[in-house]
Amino acid sequence: MDHASIVNYGYDIRAYKNFLDPAICQVLINKFEADERKQESPQSEGYYNNRKSIELRISPLPEWNDWDQIIFKKIGSTLNEYYSSYRVGIEYEDEGYTICKYNIGDGVNFHWDGGCLTRLTTAVIQLNSPQEGGKLIFPLKNLEIKPEQGTLLLFPPTYTHAHYVEATEDIPRYIISTWIHIKPDGQRALREVTLPGL
């Protein structure tokens with residue numbers, strides 16, 4: 001995990017500070033802003049209409065492949081630490097990476113990240129550090145986490161970890177997001193993260 005420092009908030013919520021170097025975060029933000037393929041997040045009805053952001057799914061894009069692989073390998077090694085207490089020895093996959101920009105005044109409404117039965121962990125990398133707003137809030141845990149550039153957050157996607165994100169008031173907020181899945185038996189994972197038996 002290189003020089004990342006770990007903050008364990010309890011409830012399986014963990015922050016890996018210095019997961020990405022600030023200079024790398026800025027390079028990713030600049031590359032995202034220069035990419036004309038980014039677009040507004042799809043809007044759905046009711047509960048799932050929980051956010052307004054500008055997004056770019058980078059994993060399928062050839063121009064992003066080097067960065068995609070760097071993030072992929074770093075997250076894979078970090079998962080070894082995160083899951084070590086569960087003594088697991090099964091295969092995982094992620095959904096690929098999406099960079100999201102939330103403009104000033106745009107937050108994320110109260111929700112949880114479940115989605116499907118195989119989704120095991122939410123992963124969010126903070127690419128910048130807004131000073132006014134932007135906190136990730138878990139009301140059921142009485143926990144607020146301030147955004148810090150380069151920090152990777154891992155937490156369960158279930159209703160027990162329902163959360164929302166404050167709108168920022170000073171600068172836009174940039175993140176990279178993905179979800180980790182248990183690899184279904186007999187199916188080929190598109191993006192495998194194989195963890196050793198511990």
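Because the structure is a prediction, the values reported are computed rather than measured. (Residues numbered from 1 in each chain as written. Predicted model: local features only at pLDDT ≥ 70, side-chain atom pairs only at ≥ 80, totals over all residues. Heavy atoms only, no water.)

Trainee: How do you make sense of the nonpolar core when you look at a structure like this?
Mentor: Nonpolar side chains tend toward joint burial in soluble globular proteins. W64, I75, I125, L127 and I176 are the most contacted members of the largest nonpolar core, which has 30 residues in total. At the level of secondary structure, the elements contributing two or more residues to this core comprise α1 (22–34), β4 (54–57), α2 (65–82), β8 (119–126), β11 (152–155) and β13 (173–182). Of the residues forming this core, the biggest block, five residues, is contributed by α2. Apart from the residues lying within four places of it in its own chain, the contact partners of I176 are L28, I71, Y97, T98, I99, A123, V124, I125 and L127. Formed by 14 residues, the second largest nonpolar core is a distinct cluster that contains A15, V108, L143 and F155. (Core = buried A, V, L, I, M, F, W, Y, C linked by side-chain atoms within 4.5 Å. Buried < 20%, exposed > 50% of the residue type's maximum accessible area, 1.4 Å probe, protein only. Helix = DSSP H or I, 4+ residues; strand = E, 2+ residues; numbered from the N terminus. Contact = heavy atoms within 4.5 Å.)

Trainee: Quick question: what am I supposed to make of the packing of aromatic side chains here?
Mentor: Here a ring pair, both rings aromatic, is described through the centre-centre distance and the interplanar angle of the planes. Going through the model one piece at a time under the given rule, you end up with four aromatic pairs. With a centroid separation of 6.1 Å and 85° between ring planes, the pair formed by F32 and Y174 is classed as edge-to-face. In this pair, F32 is assigned in helix α1 and Y174 in strand β13, connecting sequence segments 142 residues apart. Taking relative accessible area as the criterion, F32 reaches 0% and is therefore assigned buried. Put simply, the rings of Y82, Y83 and Y92 pair up and form one aromatic cluster. (Phe/Tyr/Trp six-rings, centres within 6.5 Å; stacked < 30°, edge-to-face > 60°.)

Trainee: Teacher, can you tell me more about the pattern of salt bridges here?
Mentor: Between side chains of opposite charge, a pair can form as their charged atoms come close. Tallied over the entire structure, the rule returns seven salt bridges. A salt bridge links R37 to D35, with the nearest nitrogen and oxygen atoms 2.8 Å apart. R37 gets classed as partly exposed once you look at its relative accessible area, which sits at 38%. A residue is classified by how much of its surface remains accessible, and D35, at 9% relative accessible area, is buried. The structure contains a network of salt bridges with shared partners spanning D35, R37 and E63. (Salt bridge = Lys/Arg side-chain N within 4 Å of Asp/Glu carboxyl O.)

Trainee: Sorry, what's going on with α2 here?
Mentor: Because an α-helix completes one turn every 3.6 residues, residues spaced three or four positions apart along the sequence face the same direction. Between its terminal C-alpha atoms α2 stretches 25 Å, which fits the 26 Å expected from 18 residues at 1.5 Å a residue. All buried positions along α2 are accounted for by D68, I71, F72, K74, I75, G76, T78, L79 and Y82. (Expected span 1.5 Å × (residues − 1).)

Trainee: Looking at this structure, how should I read the environment of I182?
Mentor: Residue position: I182 is located in strand β13. The exposure class of I182 is partly exposed, given its relative accessible area of 32%. Residues I182 and E93, 89 residues apart in the sequence, show an inter-C-alpha distance of 6.5 Å.

Trainee: What is the right way to read the side chain of D68 from this model?
Mentor: With respect to the secondary-structure elements, D68 resides in helix α2. Within polar-contact distance, the side chain of D68 engages the side chain of S59 at 2.6 Å. (Polar contact = N/O pair within 3.5 Å; in protein donor to acceptor, adjacent residues only side chain to side chain.)

Trainee: What exactly am I supposed to notice about the sheet that holds strand β7 (residues 108–111) here?
Mentor: Backbone hydrogen bonds hold the strands of a sheet together, and the pairing may be parallel or antiparallel. Reading across the sheet, the four strands line up as β7-β12-β9-β10 and stay open at both edges, with antiparallel pairing between neighbours. Of all the strands in the sheet, the pair left with one neighbour each is β7 and β10 (143–145). Sheet twist, expressed as the mean angle between neighbouring strand axes with direction ignored, is 15°. Here three bridges tie strand β9 (residues 136–138) to β10, and the two strands are oriented antiparallel to one another. Residue pairing for β10: I137 is matched across the bridge by E144. (Pairing = 2+ DSSP bridges. Axes fitted to C-alpha atoms, helices over the stretch in contact; angles between N-to-C directions.)

Trainee: Any chance you could explain α1 here in plain terms?
Mentor: Between its terminal C-alpha atoms α1 stretches 19 Å, which fits the 18 Å expected from 13 residues at 1.5 Å a residue. Within the span of α1, buried status applies to C25, L28, I29 and F32. Viewed along the axis of α1, the buried residues span an arc of 100°, placing them on a single side of the element. Looking at the buried side of α1, the elements it contacts are β4, α2, β6 (98–102), β8 and β13. For α1, the side-chain oxygen to backbone nitrogen distance between the N-cap and A23 is 2.8 Å, and the N-cap itself is D21. (Arc of directions from axis to C-beta.)

In short, shape yes, function no, at least from these values alone.
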